[in-house]
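# Structural description and commentary
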Amino acid sequence: FLPLNLFEQFQRIANAYFLFLLILQLIPQISSLPWFTTVVPLVLVLAVSGVKDAIDDFNRHKSDNHVNNRPVQVLINGMLKDEKWMNIQVGDIIKLENNNFVTADLLLLSSSEPHSLVYIETAELDGETNLKVKQALTVTAELGEDLQKLTDFNGEVKCEAPNNKLDNFTGTLALRGEKYALDNEKMLLRGCTIRNTEWCFGLVIYAGPDTKLMQNSGRTTFKRTSIDRLMNVLVLMIFAFLALMCLILAIGNGIWESDKGYNFQVYLPWAEDVTSAPLSAFLMFWSYVIILNTVVPISLYVSVEIIRLGNSFYIDWDRKMYYPLNDTPAQARTTTLNEELGQIKYIFSDKTGTLTQNIMCFNKCSINGKSYGMLPINTEKVDFSYNQLADPKFAFYDHSLVEAVKLNDVPTHRFFRLLSLCHTVMPEEKKEGNLVYQAQSPDEGALVTAARNFGFVFRARTPETITVVEMGETKIYKLLAILDFNNVRKRMSVIVRSPEGDLTLYCKGADTILYELLHSSCESLKEETTEHLNEFAGEGLRTLVVAYKNLDEEYFQDWIKRHHEASTALEGREDKLSEIYEEIEKDLMLLGATAIEDKLQDGVPQTIETLAKASIKIWVLTGDKQETAMNIGYSCNLLYDDMADVFVIEGSTSEDVLNELRKKMKPDSFLDSDEINIQIEKSSKNPKLLPDEQANGVYGLVINGHSLAYALEGNLELELVRTACMCKVVICCRVTPLQKAQVVELVKKYKKAVTLAIGDGANDVSMIKTAHIGVGISGQEGMQAVLSSDFSFAQFRYLQRLLLVHGRWSYIRMCKFLKYFFYKNFAFTLVHFWYGFFSGFSAQTVYDQWFITLYNLAYTSLPVLGMSLFDQDVDDRWSLLFPQLYVPGQENLYFNKTVFIKCMLQGIYSSLILFFIPYGAMYNTMRSDGKAIADYQSFALMAQTCLLIVVSVQIGLDTSYWTVVNQFFIWGSLSVYFAITFTMYSDGMYLILPASFPFVGTARNTLSQPNVWLAIFLSIALCVLPVVGFRFLKALLRPTASDKVRRNFKAKKRPPPPSPKRRLRRTSTRRSGYAFSHQHGFGALIMSGRNMRPKSPFVYPSKDFGLSILPCALSGFSSSPKAVSCSWGKRSRGSKTSIQYP
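How each quantity is defined
Residues numbered from 1 in each chain as written. Predicted model: local features only at pLDDT ≥ 70, side-chain atom pairs only at ≥ 80, totals over all residues. Heavy atoms only, no water. Helix = DSSP H or I, 4+ residues; strand = E, 2+ residues; numbered from the N terminus. Buried < 20%, exposed > 50% of the residue type's maximum accessible area, 1.4 Å probe, protein only. Contact = heavy atoms within 4.5 Å. Areas by Shrake-Rupley, 256 points an atom, 1.4 Å probe, with all protein chains shown as cover. Pairing = 2+ DSSP bridges. Right-handed = clockwise from strand over helix to strand, strands pointing away. Axes fitted to C-alpha atoms, helices over the stretch in contact; angles between N-to-C directions. Salt bridge = Lys/Arg side-chain N within 4 Å of Asp/Glu carboxyl O. Core = buried A, V, L, I, M, F, W, Y, C linked by side-chain atoms within 4.5 Å. Domains from an automatic or database assignment. Phe/Tyr/Trp six-rings, centres within 6.5 Å; stacked < 30°, edge-to-face > 60°. Lys NZ or Arg CZ within 6 Å of the ring centre and 35° of its normal. Expected span 1.5 Å × (residues − 1). Parallel < 35°, antiparallel > 145°, perpendicular 65-115°, else oblique. Nonpolar A, V, L, I, M, F, W, Y, C, P; charged D, E, K, R; others polar. pLDDT = per-residue confidence, 0-100. Patch = residues over 30% accessible without salt bridge, like charges linked within 9 Å, V, L, I, M, F, W, Y side chains within 5 Å. Lys, Arg positive; Asp, Glu negative; His and termini not counted. Charge placed at Lys NZ, Arg CZ, Asp CG, Glu CD.

## With respect to the overall build of the protein
Per the secondary structure count, the protein includes 39 helices and 37 strands. Considering the protein as a whole, with its 1142 residues, one finds that 59% of them fall into the buried category. Considering only contacts in the protein between residues 6 or more positions apart, those separated by 24 or more positions represent 75%. If you sum the accessible surface of the protein, you get close to 47,800 Å²; carbon and sulfur atoms cover 57% of it.

## What about the pairing of strand 31 (residues 773-777)?
A large share of strand 31 lies buried, amounting to 5 of its 5 residues. Taking every second residue as pointing to the same face, both faces of strand 31 are buried, with Ile773, Val775 and Ile777 on one and Gly774 and Gly776 on the other. Of the pairings in the sheet, the one linking strand 30 (residues 754-759) to strand 31 comprises 4 bridges and is parallel in character. Counted as the bridge partner of Ile758 is Val775 from strand 31. Tracing the backbone out of strand 30, into helix 25 (residues 765-770) and back to the parallel element strand 31 gives a crossover that is right-handed. Pairing of strand 31 with strand 32 (residues 791-793) involves 3 bridges; the strand directions are parallel. Bridging from a neighbouring strand, Ile777 pairs with Phe793 of strand 32.

## Section: the sheet that holds strand 28 (residues 699-704)
Within the open sheet, the 9 strands sit side by side as 13-32-31-30-14-26-29-28-27. Their pairing is mixed. The sheet terminates laterally at strand 13 (331-332) and strand 27 (645-649), the two strands that pair on one side only. Sitting on the sheet, helix 19 (residues 626-635) touches strand 27, strand 28 and strand 29 (729-733), and the angle it makes with strand 29 is about 155°.

## Focus: unusual backbone geometry
Backbone geometry at Asp327 places phi at a positive 55°, although glycine is not the residue there. With respect to the helices and strands, the residue Asp327 is situated in the loop between helix 10 (299-317) and strand 13. The exposure class assigned to Asp327 is exposed, which follows from its relative accessible area of 53%. A positive phi angle, near 50°, is found at Met471, a position not held by glycine. As for its position among the elements, Met471 is in the loop between strand 20 (465-470) and strand 21 (473-483). With a relative accessible area of 37%, Met471 lands in the partly exposed category.

## Thoughts on the pattern of salt bridges
All chains considered together, the criterion is met by 26 salt bridges. Here Glu585 and Arg491 are joined by a salt bridge, their closest N and O atoms 2.8 Å apart. Placement of Glu585 in the loop between helix 17 (573-584) and strand 25 (589-600) and of Arg491 in strand 22 (residues 491-497) is noted, with a sequence separation of 94 residues between them. A residue is classified by how much of its surface remains accessible, and Glu585, at 0% relative accessible area, is buried. Salt-bridge contacts for Arg562 lead to Asp558; the nearest nitrogen and oxygen are separated by 3.2 Å. Taken together, the residues span about one helical turn, with Arg562 and Asp558 both in helix 16 (residues 553-567) at a distance of 4 residues. For Asp558, a relative accessible area of 39% puts it in the partly exposed group. Here the salt bridges do not stand alone but share partners, grouping Asp318, Lys320, Arg801 and Asp876 into one network.

## Considerations on the nonpolar core
With 99 residues, the main nonpolar core has Leu300, Phe817, Leu818, Phe826, Tyr847, Phe895 and Leu947 as its most contacted residues. Inspection of this core shows a minimum of three residues originating in each of domain 1 (1-70) and domain 3 (229-296). Setting aside chain neighbours within four positions, we find Leu300 in contact with Met231, Phe817, Leu818, Phe821 and Phe822.

## Points about the packing of aromatic side chains
Going through the model one piece at a time under the given rule, you end up with 52 aromatic pairs. A centroid spacing of 6.4 Å and a plane angle of 85° characterise the contact between Tyr919 and Phe939, whose relative ring orientation is edge-to-face. In this pair, Tyr919 sits in helix 32 (residues 897-922) while Phe939 sits in helix 33 (residues 936-958), placing the two residues 20 residues apart along the sequence. In this structure an aromatic cluster arises from ring pairing among Phe828, Tyr847, Phe851, Tyr855, Tyr859, Tyr977, Phe978 and Trp1013. Above the plane of the ring of Phe821 lies Lys824, whose end atom (NZ or CZ) is 4.1 Å from the centre.

## A few points about helix 34 (residues 964-984)
When the terminal C-alpha atoms of helix 34 are compared, their 29 Å separation across 21 residues agrees well with the 30 Å that a helix rising 1.5 Å per residue should span. Within helix 34, the full set of buried residues consists of Asn966, Phe969, Ile970, Ser973, Leu974, Tyr977, Thr981 and Met984.

## Quick look at the sheet that holds strand 11 (residues 193-195)
Strand order in this open sheet of 3 strands is 6-5-11, and the pairing throughout is antiparallel. In the strand order of this sheet, the two ends are held by strand 6 (131-135) and strand 11, each with one partner. Neighbour to neighbour, the strand axes of the sheet diverge by 45° on average, direction disregarded.

## A look at the side chain of Ser226
The topology assignment puts Ser226 in helix 8 (residues 226-259). Residue classification places Ser226 among the buried positions, given a relative accessible area of 17%. Apart from the residues lying within four places of it in its own chain, the contact partners of Ser226 are Glu340 and Gln343.

## What to know about the packing of helix 8 against helix 27 (residues 798-836)
Put simply, helix 8 and helix 27 touch, their axes get as near as 12 Å, and they point 5° apart. Considering the angle they form, helix 8 stands roughly parallel to helix 27. On helix 27, the residues touching Ile227, Met231, Ile238, Phe241, Met245, Ile248 and Leu249 of helix 8 are Tyr811, Met814, Cys815, Leu818, Phe822, Phe826, Leu830, Phe833 and Gly836. Taken together, the residues of the contact of helix 8 with helix 27 sort by class into 15 nonpolar, 1 polar and no charged.

## Section: the confidence of the model for the protein
Interpretation of the predicted coordinates at a detailed level should be avoided for regions scoring low in pLDDT. With 84% of its residues at a pLDDT of 70 or more, the protein shows a mean pLDDT of 82. Every residue in residues 1059-1070 scores below 50 in pLDDT, and together they form 29 contacts with partners more than four places removed in sequence or on other chains. pLDDT under 50 marks residues 1095-1132. Its contacts with residues more than four places away, or in other chains, come to 159 contacts.

## Remarks on a nonpolar patch on the surface
A surface patch of nonpolar side chains, amounting to about 510 Å² of accessible area, comprises Leu244, Ile248, Phe837, Phe838, Leu912 and Phe916. For the nonpolar patch, the secondary-structure elements that each account for two or more residues are helix 8 and helix 32. By the element assignment, Leu244 lies in helix 8.

## Examining a negative patch on the surface
A cluster of acidic side chains, namely Glu523, Glu527, Glu528 and Glu531, defines a negative patch on the protein surface. With respect to the helices, strands and loops of the structure, Glu531 is situated in helix 15 (residues 523-538).

## Brief notes about the environment of Ile1086
Its place among the elements puts Ile1086 in helix 39 (residues 1083-1088). Expressed as a C-alpha distance, the spacing of Ile1086 and Arg461, which sit 625 residues apart in the sequence, is 9.1 Å.

## As for the environment of Lys381
Structurally, Lys381 can be placed in the loop between strand 16 (370-372) and helix 11 (399-406). For Lys381, a relative accessible area of 48% gives the class partly exposed. The spacing of Lys381 and Phe396 is 15 residues in sequence and 5.7 Å in space, taken between C-alpha atoms. Among residues more than four places away in sequence, those in contact with Lys381 are Ala395, Phe396, Tyr397 and His399.

If you want it as structure tokens, here you go:
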């Protein structure tokens, strides 16, 4: 660690420079200062930085060990043995159990489920919480869990080389002389979680960094702040300025030595080996390099590290960012990026688990023209205790709906009967009465749970029947057909026969689709329902329309025959089935609509609104589908109907995407006369930063992953970034983890802006690593994002406090620190420069060597650290109340090259005052007792005293927020200076070490004179009064936002109560937000019975058909995601299978 760390540290220009200075100081002919003046600060800097890096490295090592040492069962020599994740290698056969993380990319061999099906959750890969089904090859499914058969498994897998395509896999399995095709449906990818499957066996195809998830994760890069990059430029400028000063003084020395010094050699002899004035000038150049090196003090870097560390602790200790529900505090995982948090311009956010909780809640509904759920605040929850099978977690507040159910209202009963029958949910009942629903999508689970609580309990299903407990009475419906969902139909239907023999079709789907299928008699009800739908959509709820149709027996028998023919057709099966479905789904009778809330995390809309006021643009990058993402956009106030337009980019070719990007936002961008086009044409191959363009309104942009793939190619990326950056909000749907990183990289490439990426799953790791700042949310999707992040916390709402409070304070403190530090060191160092003109350019120092050593280490270090750790222009409440205060940081107004030059000029002015006032005061001056005081030592003491008091007054002027610590540091530093000065200049120290303490008696002789203190006061006044006057006039004539808020603060003393949040209402937009799976539904799987087997010992007697029902259940479709980590290596053990990549 030590050699590598030192190598890294000496790559810093400043550290290498100070090492070079140390070497110069060891040369007697050049050195004008003792070696310890450089060695002590350099060792201190290297030690502090080394310790901090060691702590960071140790913490990363600990986190890696935690992940890599997770156990997994591996088949070795016919036995299952626990092995660490990091030892899993290609060719291993491993066993996974329910809720296990998938360790590597596996070829599924067999499972506990019928037909070797496995249910997986892919939230960490694509952000979706609905389950997906994978199925093993029949030839490997026969292996079951027979360890001997699995050990004897002798096959050869040939597959594509490791790549980042999550939705594609191509390979073959050669077994017993036969070849079998392998595709993505046979693969379990790392990042998935096994759900509702007791066990499964898989063959490792890709491991560690070769897995598709890790291929999408991107590389870890060393992140540096914009201030760090600016400081490197400024240090180079200072070096050039230092070289210029040394050159001027060296030339002066050459002229002086040739003109006067040559004749003075008897009195001032030249050093040994110095034979000419040019050689003297050459040596003096390097002597002045040593003397004037304090213009770039090494203590600057120590102080910067301490400030960043202190501001990181503030984030860790902030109780307002602590989440008590899962005991998660905020954490600054890196200590080098704090001030960058105060400059964020673009936020790239994941959706699932970051903005949302992954919890669907049945919120409101419309039944037969009556709306339920519109209730005032503080209403008591409905008591469902009368229903023994009710879900205790379900909450509803409109008691009138329960009364309608109890009064046997026919439309209400029909409404909930539909919800209990029309779905593909599977029940699980491990204990009698303790029902757990496993849904393909969380919306379906919410609707079936609502029906359950209102007395229509879906209890069991077989391939032919559905068992429902209706108001305490068990009824068995014959399931005759499932008309499954797909992306085109946007609806699903079931046809059932009731115990009374009635044939009914129940249908639910998107309102825009179902409204076209309604019977003409439903017009008035349709208008009332539409009004309710608009109200639901206006609150950001996900709406769904439900309808039914009574079927004629004769017609149905004819239809079911044609349905069978279509379902067995060899050609055009999908089209024929679609026609058959549309034929029967006509003249539906409207029942009403449901409204489901996709529960956002607490405070998400308010946080987004606050961040928008701070001129921060938010882009949502999600693997979820377009409809769901847009609904969340409306729910959390990202999108709203007052926008001029929301553009949807759906082109399937490069030309289509180009036309959509240009024509929808700015048609003029086609023209050669467009300013940006002219700039792009003039630019070289290297990308140039694009200026901000203003749109003629507020726009939103939605683009899907397929179109985004084209937009990220070639010249289209310029069009994408131009169009997207003109929009207030951008939502990218169906994007892969790698595309997320590419979008972030695109903005970094073409915009002069600081970016932040926030997410909670492994699919967010790549963009978290790519952005300037990565934030991980320790949520439902595990810790993978947190382990890759720079900062982490538990809730999205804490982001506003991280940026607007901690980020802004850190940025302001760092800027104040740098301005003051450069000022005080220019003022300190340039006094030497002026003194050179009065000392024959002899490289004699103005100050005592101990003062030079202690100036930055002891006398001025603590006051500036106190300001940099405790200062705040306004407190946290005002920072959040006035987000506009954040804007100067985005524009980098508080510290830039212009500000640096101003500090430099102020330092030069102060150095002139600090040299010439003491010089004039000492020139030919007598003490009150008639003795001379105009000696070098008295002048040096007076100059350094003036300097220290002036910089102390300056730090007082720069401090906005006074604490006891600030007062103690400033007054304490001055006290320490005088105490050390009187001690070192005492007779006793001189007697002990006469060579080291030559200024004997100077302090008591000089500082006892009234004219000396008068000169000190004059120096302070001349240095400080211009600064005070300038700041007063600036605050009066051109006040900043901070000045205005501080005036408000002084007038009111406390912030006003926050204004009530307006509720965004949309009266004309109706959106269906029902989150069907983006794949085909599981209807065919359920009707086939392939996924069912007896799992419950409970038998429910039924009088309707005179039989007992043994319920069949699938273990489910939903659960909370977790994180996985990597393993690596390639070898074969436990089986004779070989893996070949091309």
